[in-house]
Amino acid sequence: MDADLYDEFGNYIGPELDSEEEDDHDDEQFGDEDEQREYDDDHMDESEPQPMAIVLHEDKTYYPSALQVYGPEVETIVQEEDAQPLDVPLIEPVKKKKFQLKEQDLPETTYNMEYLADMMDNTSLIRNVALIGHLHHGKTTFVDCLIRETHPGYQDNEEKNLRYTDTLFTEQQRGCSIKSIPVTLLLSDVKNKNYLVNIFDTPGHVNFSDEVTASMRLCDGIVLFIDAAEGVMLNTERLLKHAVQERMQITICINKIDRLILELKLPPQDAYYKLRHIVEEINGLLTLYSDDLNPQIVSPVLGNVAFASSQYGVCFTLKSFANVYKSYYNDVNVEEFSKRLWGDIYFNPKTRKFTKKAPHNSAQRSFVEFILEPLYKIFAQVVGDVDSTLPAILNELSINLNKNELKLNIRPLLRLVCNKFLGDFSGFVNMVVDHINSPLDNAKLKVNHIYTGPSDSKIYEDMVNCDQDGPLMVHSSKMYPTDDCTFFQVLGRVMSGTLHAGTDVRILGENYSLQDEEDSRVLTVGRLWIYEARYKIELNRVPAGNWVLIEGIDQSIVKTATITDLTIHEDLYIFRPLKFNTQSIIKIAVEPVNPSELPKMLDGLRKVNKSYPLLTTKVEESGEHIILGTGELYLDCVMHDLRKMYSEIDIKVADPVVVFCETVVETSSLKCFAETPNKKNKLTMIAEPLEKGLAEDIENENVQIDWNKKKLGEFFQTKYDWDLLAARSIWSFGPDATGPNILVDDTLPSEVDKGLLNSVKDSIVQGFQWGTREGPLCEEPIRNTKFKILDAVIAGEPLHRGGGQVIPTARRVVYSAFLMATPRLMEPYLFVEVQAPADCVSAVYTVLAKRRGHVTQDAPVPGSPLYTIKAFIPAIDSFGFETDLRTHTQGQAFCLSVFHHWQIVPGDPLDKSITIRPLEPQPATHLAREFMIKTRRRKGLSQDVSINKFFDDPMLLELARQDVMLNYPLL
């Protein structure tokens, strides 16, 4: 081997050698097949993988790459480890939210949809009506009867209740309405004249009376539903009072008259007495609640009382029943006959005349003879002898039923027979048309009641004339979520002008005023609809007098809004916010289970706030998110919506508590003063309790701070015996314009420079408002207290008497005067109405006694086996009361409770000698202290009221000198 051919490492560096394989040999050269295969292998194309070649580990490919499978235009992501839990699918299916029942297509109706839309232009043929009444008195079922009459598709399912306006699944499951839902129908009266009737079906549960308030705002009149068997109940009274306050026209429908026959089995005469008793009770309440000298009265003779049985599709007034007689006897004078069908009037068959004296002992009143007895007979025949005598009776009444219909069950058969005998609901339509004004006729009353602007403007005139060509004014009071719960659609009433789809409008919120125009936005209206509970009819314009559902303007609206043209150049005023007949006093704190989901919860809170008219949400200084509602069921529904519909996250809820108030029971023991930080101003005040009933008068707006001095002075002089000077020098109510506290300037011009004092009036009022909004005991509102300014030393230079100096000082002096006047806590009391059989009454007393409740009245319900027990119970002890009551009475007692009044909690909240032991029930005298300490602890405040926070050093020296520090050692 030649050494020159290789280097020192043994690598060949000699001349190139010719390769044997490169020679072009013919196949004959090779001796056998093996050599041929070897040659082929060596000459294979380089790009093909060679089966026997050695491949490095990192170059091996067992599977095709994502690029080869999906192509270059598909993005692929590779995850090294599972980021999702095993029970979550890799690609989740699209979840469609569904919380409410909806029609897929527009249903068939007995009228043409275009005709319905055209009727909207004729204002005098429109009626806006709310159906209101106590829980389960048959409002929703009554609307079903109207739906069945106008929608032929629903006439077949006679068996089950439709509950057409209970659109939410939760309403269907709970069996009671939660939301007010509007339905617009074309209904004909006795003479077959058509009217466009906008009907609001409202909840009857007393917790949801805010929904009724919101729906009344858009209506001109109401139909009050009363169960014939139960009579006038808790919410019937409350809603009637509210309707009178809201200037509604009132009609009555006594529903469920079938219960008198089938359930209570009353003879016809007793049934008449029961019905008459209900009418008399309503008239008594109307007289009690109305201020007018001639209050509205209701009577079947006047035509504003209807009788109905929604279950069996019956509704009649005296006039419509007289019409039934006319169809059998042509010579009946409907008007005259109907007037004689109520009251102590008897028919004398011999003379064929009506008399006021009974012709013989067994004579029946005309209402019993001509209305109740025929009804009783029909009911008795259908329920009793279906096979033997019913066909003959039906032939007599010329009611034709086929064989299949005669084989129906009792209920559907009864409904069918009643429908054919009494006809349709034209009696109800007549009552509504005759006794509730059209939007045009009622406009002046409505606008005067809800509009805050002056009555000499062009806008006011156009609204009073319900002018379709005037400037646009729409008032909205309710909002409904879309199917996916991301947006809301706004329900409003067009007061003047015509609203067109796709136009720009200005939306004024509740805080808008000429002084503060911040709460106003310009937005574009989307589509417009008529809302029909389960379907919507789209329109491109809606004229004055009608209700409309508006898309696309919900972002800036919270509760109510005023929607106007951009072209109006006059001063704009809003419609006044809703005034409710109850208060939100029950309070829960919420927080997300996962803290990172807080923004989702806040968004959900914003949405439930829009959805419930009376709901209040706020953030405490400790950072707690608080929801305030009217009762347990109310907050349960709010939490369901928050968790399932609007935020879809897990939320923790604290135990419910109640809102407290702070008050005083005596006059301040000495004059309290405070100096401003710059020592240039000094205010002196005392606090004392207000006269009984005054706080409620202020809250109910029986007296208003914006009255002129003379009118305000007269009110206080005549009703509360104030002296002229004090009555004329009322500065403010607080915490708001309707807050139950008063600030009075009790200084004399000879002692105080009134000019300087008036220059800081606004600052002192602001300090007073701030102080009364959150009192010194536990930062709850002050109530029922009068603050008197006795002396004021004010700096001459404007620089030294600015708001920054005076406002905190005014607040401090309010607090110190308050603490010197024997402060007390107040708690809300609920009024409870319990219905129970006689043998359960003692159990009801027991349950109430355990919860500091006391009974005010128990009496049997006339004409039924039940007792009604009326009682008061502290709201803080009412949690779980209903469940407790049902447990003790085996589910036979049913109760409803509603806020009634504020009452002082027993005990002194500042008594340091009381020690609160954990988990032990406190005796009654310790309650105020316990509530105060626990509320302070929950809000993150110091355990006790720190008095030197509110008193200046000179004031403390004064206190020490006068030795009134027994109860208040310095902290």
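Within each chain, residues carry numbers counting from 1 in the order of the written sequence. pLDDT decides what is reported in this predicted model: residues at 70 or higher carry local features, side-chain atom pairs at 80 or more are listed and counted, and totals for whole chains, interfaces and linings draw on all residues regardless. Only heavy atoms go into the side-chain values, all of them from the structure, while hydrogens and water stay out.

**Details of the overall build of the protein chain**
Then, number 1: Each helix is a run of H or I in the DSSP string that is no shorter than four residues. Each strand is a run of E no shorter than two, and both are numbered from the N terminus. When helices and strands are counted, the protein chain shows 30 helices and 34 strands.
Then, number 2: The globule rule used for comparison is 2.2 Å times the number of residues to the exponent 0.38, while the radius of gyration itself is calculated over C-alpha atoms. For the protein chain, whose C-alpha radius of gyration is 39 Å, the value lies well above the compact-globule estimate of 30 Å for 971 residues.
Then, number 3: With the C-alpha coordinates of the protein chain rotated into their principal frame, the extents come out at 155 × 100 × 65 Å.
Then, number 4: For the exposure calls, accessible area comes from a 1.4 Å probe over protein chains only, and a residue counts as buried if that area is under 20% of its type's maximum, exposed if over 50%, partly exposed in between. Taken over 971 residues, the protein chain has a buried fraction of 52%.
Then, number 5: Across the protein chain, contacts joining residues at least 24 apart in sequence account for 71% of those joining residues at least 6 apart.
Then, number 6: Accessible areas in this description were obtained via Shrake-Rupley with a 1.4 Å probe; residue shielding takes into account the shown protein chains only. Total accessible area on the protein chain is roughly 47000 Å²; 50% of this is exposed by carbon and sulfur atoms.
Then, number 7: Taken as two groups, the 99 positive and 148 negative side-chain charges of the protein chain have centres that lie 20 Å from each other. Only heavy atoms matter for contacts: two residues are in contact if any of them lie within 4.5 Å across the pair. Under the counting rule used here, the positive set is Lys and Arg, the negative set is Asp and Glu, and His together with the chain ends is not counted. A single reference atom marks each charge: NZ on Lys, CZ on Arg, CG on Asp, CD on Glu.

**Re the confidence of the model for the protein chain**
Then, number 1: Per residue, pLDDT measures the predictor's confidence, with a range of 0 to 100. Put simply, the protein chain has an average pLDDT of 89, and 95% of its residues get 70 or more.
Then, number 2: Looking across the protein chain, the model is least confident in helix α1 (residues 33–42), with a mean pLDDT of 52, and most confident in strand β4 (residues 221–227), with 97.
Then, number 3: A low-confidence stretch, residues 22–31 (pLDDT under 50), is modelled with seven contacts involving residues beyond four sequence positions or located in other chains.

**Considering helix α9 (residues 268–289)**
Then, number 1: Every helix has an expected span of 1.5 Å times one less than the residues it contains. For α9, with 22 residues, the first-to-last C-alpha span of 32 Å sits near the 32 Å given by 1.5 Å per residue.
Then, number 2: The inward-facing, buried residues of α9 abut β4, α7 (234–245), β5 (249–255), α8 (257–262), β6 (305–309) and α12 (366–383).

**Observations concerning the sheet that holds strand β13 (residues 504–508)**
Then, number 1: For two strands to count as paired, DSSP must find a minimum of two bridges between them. Ordered in space as β14-β13-β19-β10-β11-β18-β15-β16, the eight strands form an open sheet in which the pairing is antiparallel. Only two strands of the sheet have a single partner each, and these edge strands are β14 (520–524) and β16 (536–539). Averaged over all pairs of adjacent strands, the angle between their axes in this sheet comes to 35°, without regard to strand direction.
Then, number 2: Here four bridges tie strand β15 (residues 528–531) to β16, and the two strands are oriented antiparallel to one another. For tyrosine 531, the partnering residue across the bridge sits in β16 and is lysine 536. To obtain an axis, a line is fitted to C-alpha atoms, over the contacting stretch when the element is a helix, and the angle between two such axes runs from 0 to 180 degrees between their N-to-C directions.

**Let's talk about a negative patch on the surface**
Then, number 1: Each patch is built from salt-bridge-free residues with over 30% relative accessible area, joining like charges within 9 Å and nonpolar side chains (Val, Leu, Ile, Met, Phe, Trp, Tyr) within 5 Å. Between Lys or Arg on one side and Asp or Glu on the other, a salt bridge is scored when a side-chain nitrogen of the former is within 4 Å of a carboxyl oxygen of the latter. Among the surface-exposed residues, Asp516, Glu517, Glu518, Glu570 and Asp571 lie close enough to one another that they form a single negatively charged patch.
Then, number 2: In this fold, glutamate 517 is placed in the loop between β13 and β14.
Then, number 3: The exposure class assigned to glutamate 517 is partly exposed, which follows from its relative accessible area of 47%.

**Concerning the packing of aromatic side chains**
Then, number 1: Whether two aromatic rings pair depends on their centres lying within 6.5 Å, for rings of Phe, Tyr and Trp, where Trp uses its six-membered ring; planes under 30 degrees apart make the pair stacked, over 60 edge-to-face, and the rest tilted. Applying the stated criterion across every chain yields a total of 37 aromatic pairs.
Then, number 2: With centroids separated by 5.0 Å and ring planes inclined at 70°, the aromatic side chains of tyrosine 480 and tyrosine 531 adopt a geometry described as edge-to-face. Remark: tyrosine 531 occurs in strand β15 and tyrosine 480 occurs in strand β10 (residues 473–481); sequence separation between them is 51 residues.
Then, number 3: We classify tyrosine 531 as buried; its relative accessible area is 10%.
Then, number 4: Ring geometry for tyrosine 612 and tyrosine 634: centres 5.4 Å apart, planes at 65°, overall edge-to-face. Taken together, the positions of tyrosine 612 in the loop between α19 (598–611) and β21 (616–619) and tyrosine 634 in helix α20 (residues 632–646) put the pair 22 residues apart, joining distant regions of the chain.
Then, number 5: Residue classification places tyrosine 612 among the buried residues on the basis of a relative accessible area of 1%.
Then, number 6: Above the ring of tyrosine 612, the side-chain terminus of lysine 179 is found at 3.4 Å from the ring centroid. As a reminder, the over-ring test applies to NZ of lysine and CZ of arginine, requiring each to be within 6 Å of the ring centre and within 35 degrees of the ring normal.

**Side note on the pattern of salt bridges**
Then, number 1: Here the structure, examined in full by the defined rule, presents 39 salt bridges.
Then, number 2: Close ionic contact of aspartate 344 with arginine 276 constitutes a salt bridge, the shortest N to O distance being 3.7 Å. Here the residue aspartate 344 occupies a position in the loop between α11 (334–339) and β8 (346–348), and arginine 276 occupies one in helix α9, the gap between them amounting to 68 residues.
Then, number 3: One network of salt bridges, with partners in common, ties together Asp227, Lys256, Arg259 and Glu263.

**Overview of the sheet that holds strand β1 (residues 126–133)**
Then, number 1: As summarised here, the arrangement of the seven strands in space is β2-β3-β1-β4-β5-β6-β7, forming an open sheet in which the pairing is mixed. Here the strands that pair on one side only, and so sit at the sheet edges, are β2 (181–188) and β7 (314–316). Each strand of the sheet is rotated relative to its neighbour by a mean of 25°, with strand direction disregarded.
Then, number 2: As paired strands, β5 and β6 are joined by three bridges and run parallel to one another. Its bridge partner lying in β6, cysteine 253 is registered against alanine 306.

**Quick look at the packing of helix α25 (residues 761–773) against helix α26 (residues 803–819)**
Then, number 1: At their nearest, the axes of α25 and α26 sit 7 Å apart, and the two run at 45° to each other. As summarised for this structure, α25 and α26 are arranged oblique, according to the angle between their axes. Between α25 and α26 the crossing geometry is right-handed. Contacts between α25 and α26 pair Ser763, Ile764, Gln766, Gly767, Phe768, Trp770 and Gly771 from the former with Gly803, Val806, Ile807, Pro808, Ala810, Arg811, Val814 and Tyr815 from the latter.
Then, number 2: Just so you know the grouping, Ala, Val, Leu, Ile, Met, Phe, Trp, Tyr, Cys and Pro go in nonpolar, Asp, Glu, Lys and Arg go in charged, and all remaining residues, Gly too, go in polar. Counted by class, the contact of α25 with α26 contains nine nonpolar, five polar and one charged residues. Should an angle lie under 35 degrees it is considered roughly parallel, over 145 roughly antiparallel, and from 65 to 115 roughly perpendicular; all remaining angles are considered oblique. Put simply, a crossing is left-handed when the front helix is turned counterclockwise from the back one by less than a right angle, and right-handed when it is turned clockwise.

**What to know about the nonpolar core**
Then, number 1: Formed by 244 residues in total, the largest nonpolar core has its most connected members in Phe142, Phe307, Phe428, Ile553, Ile627 and Ile764.
Then, number 2: In terms of residues, this core owes the most to one element, α12, which gives ten residues. Among the buried residues, those of types Ala, Val, Leu, Ile, Met, Phe, Trp, Tyr and Cys that are joined through side-chain atoms within 4.5 Å form a nonpolar core.

**Here we look at α26**
Then, number 1: For α26, built from 17 residues, the straight-helix expectation of 24 Å at 1.5 Å per residue is met to within 8% by its first-to-last C-alpha distance of 24 Å.
Then, number 2: Along α26, twelve of the 17 residues are buried, which leaves the element largely enclosed by surrounding structure.
Then, number 3: Taken together, the buried positions of α26 are Val806, Ile807, Thr809, Ala810, Arg812, Val813, Val814, Tyr815, Ser816, Ala817, Phe818 and Leu819.

**Here's the deal with the environment of threonine 167**
Then, number 1: The topology assignment puts threonine 167 in the loop between α4 (139–150) and α5 (169–174).
Then, number 2: Assessed through its relative accessible area of 2%, threonine 167 is described here as buried.
Then, number 3: Sequence separation between threonine 167 and aspartate 144 is 23 residues; the distance between their C-alpha atoms is 12 Å.
Then, number 4: The residues touching threonine 167, leaving out its near neighbours within four places in the chain, are Phe99, Gln100, Leu101, Ile181, Ala533 and Arg534.

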